[in-house]
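Secondary and tertiary structure notes
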Amino acid sequence: MEINGLLVPFFVEKTSFSKLDALNIAFKNSSEALVDQSLGKNVYLPLTTLPKLTGKQFYYHEIIGYEIFDEQDKSCGIIRSVNDQTAQNYFVTNLEGKEVVIPLIKDWILEVDREERTIKMQLPEGLIDVFLVPSKKDE
């Protein structure tokens with residue numbers, strides 16, 4: 001748990017979901033003071049506790065550095081980040097020195113190759129070209 005800018009370890013004794021889809025967590029050796037201190041705090045889990053995903057499923061942190069290809073095996077750039085802070089999550093790639101934004105739509109993802117560190121996507125025609133058109137400042 002992040003407290004005053006530091007990550008402080010707490011050990012989970014029990015978890016359950018309430019009727020309102022809220023996650024209830026009971027910590028080992030917890031007290032009422034701890035409950036008050038933990039409200040509104042960010043909680044983190046070690047990455048090693050995440051289950052391995054297969055197929056087209058992935059964690060955002062694991063695909064940073066993967067290269068995206070379209071159906072014609074044309075590169076759409078290497079993933080620099082994933083923005084999940086907006087209504088529509090998207091990949092941010094770099095292609096030909098330009099930032100490219102690719103909507104993260106699961107039906108567009110055809111294949112995730114973890115060994116080759118690539119993602120093959122079915123993208124709308126012309127989507128990538130929009131980002132490669134020279135702007136007035138590039139001319």
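What comes next concerns the included structure. (Residues numbered from 1 in each chain as written. Predicted model: local features only at pLDDT ≥ 70, side-chain atom pairs only at ≥ 80, totals over all residues. Heavy atoms only, no water.)

Overview of the overall build of the protein
When its secondary structure is counted, the protein shows two helices and ten strands. Its helices and strands in sequence order give the protein the pattern β-β-β-β-α-β-β-β-β-β-β-α, from N to C terminus. For 139 residues, the compact-globule formula gives about 14 Å, and the C-alpha radius of gyration of the protein, at 20 Å, lies well above that figure. Along the first, second and third principal axes, the C-alpha atoms of the protein reach 60 × 35 × 30 Å. Considering the protein as a whole, with its 139 residues, one finds that 23% of them fall into the buried category. Partitioning the contacts of the protein with sequence separation of at least 6, the portion at a separation of at least 24 is 40%. Accessible area for the protein stands at about 10,400 Å²; split by element, carbon and sulfur atoms hold 52% of it. (Helix = DSSP H or I, 4+ residues; strand = E, 2+ residues; numbered from the N terminus. Rg over C-alpha atoms; globule rule 2.2 N^0.38 Å. Buried < 20%, exposed > 50% of the residue type's maximum accessible area, 1.4 Å probe, protein only. Contact = heavy atoms within 4.5 Å. Areas by Shrake-Rupley, 256 points an atom, 1.4 Å probe, with all protein chains shown as cover.)

Quick word on the environment of K52
Along the polypeptide, K52 turns up in the loop between α1 (32-38) and β5 (67-69). Through-space distance from the C-alpha of K52 to that of K106 is 18 Å; in sequence the pair is 54 residues apart.

Regarding the pairing of strand β9 (residues 109-113)
A regular strand carries its side chains on alternate faces of the sheet. Here four bridges tie β9 to strand β10 (residues 118-121), and the two strands are oriented antiparallel to one another. The residue bridging D113 from the neighbouring strand is T118, located in β10. Joining the antiparallel neighbours β9 and β10 is a turn of four residues, in which R117 adopts a positive phi near 60 degrees. (Pairing = 2+ DSSP bridges.)

A closer look at a nonpolar patch on the surface
Nonpolar side chains collect at one region of the surface, where V12, F17, L23 and I25 lie side by side and expose about 390 Å² of accessible area between them. For the nonpolar patch, the secondary structure elements donating two or more residues are β3 (12-17) and β4 (23-27). Locating F17 in the fold gives a position in strand β3. (Patch = residues over 30% accessible without salt bridge, like charges linked within 9 Å, V, L, I, M, F, W, Y side chains within 5 Å. Salt bridge = Lys/Arg side-chain N within 4 Å of Asp/Glu carboxyl O.)

Some points on the layout of surface pockets
Considered as a void within the structure, the largest pocket measures approximately 320 Å³ in volume. Taken together, 15 residues form the lining of the largest pocket, with F10, V43, Y44, L45 and P46 sitting closest to its centre. Among the secondary structure elements, those contributing two or more residues to the lining of the largest pocket are β3 and β4. Looking at the lining of the largest pocket, the element that brings in the most residues is β4, giving three residues. A breakdown of the residues in the lining of the largest pocket according to their chemical character gives 13 nonpolar, two polar and no charged. (1 Å grid on protein atoms, 1.4 Å probe; cavity = no way out; pocket = protein on both sides within 12 Å on 5 of 7 lines; lining within 4 Å. Points joined across faces, edges and corners; volume = space filled by probe spheres on them. Nonpolar A, V, L, I, M, F, W, Y, C, P; charged D, E, K, R; others polar.)

What about the sheet that holds β5?
Read from one edge to the other, the open sheet built from six strands follows the order β8-β7-β6-β5-β10-β9, with strand pairing classed as mixed. In the strand order of this sheet, the two ends are held by β8 (98-103) and β9, each with one partner. Pairwise comparison of adjacent strand axes, ignoring direction, gives a mean angle of 35 degrees for this sheet. As judged from the five bridges shared by strand β6 (residues 75-83) and strand β7 (residues 90-95), these two strands associate in the antiparallel manner. (Axes fitted to C-alpha atoms, helices over the stretch in contact; angles between N-to-C directions.)

A closer look at the environment of L45
Along the chain, the position of L45 falls in the loop between α1 and β5. Between the C-alpha atoms of L45 and Q122, which are 77 residues apart in sequence, the distance is 33 Å.

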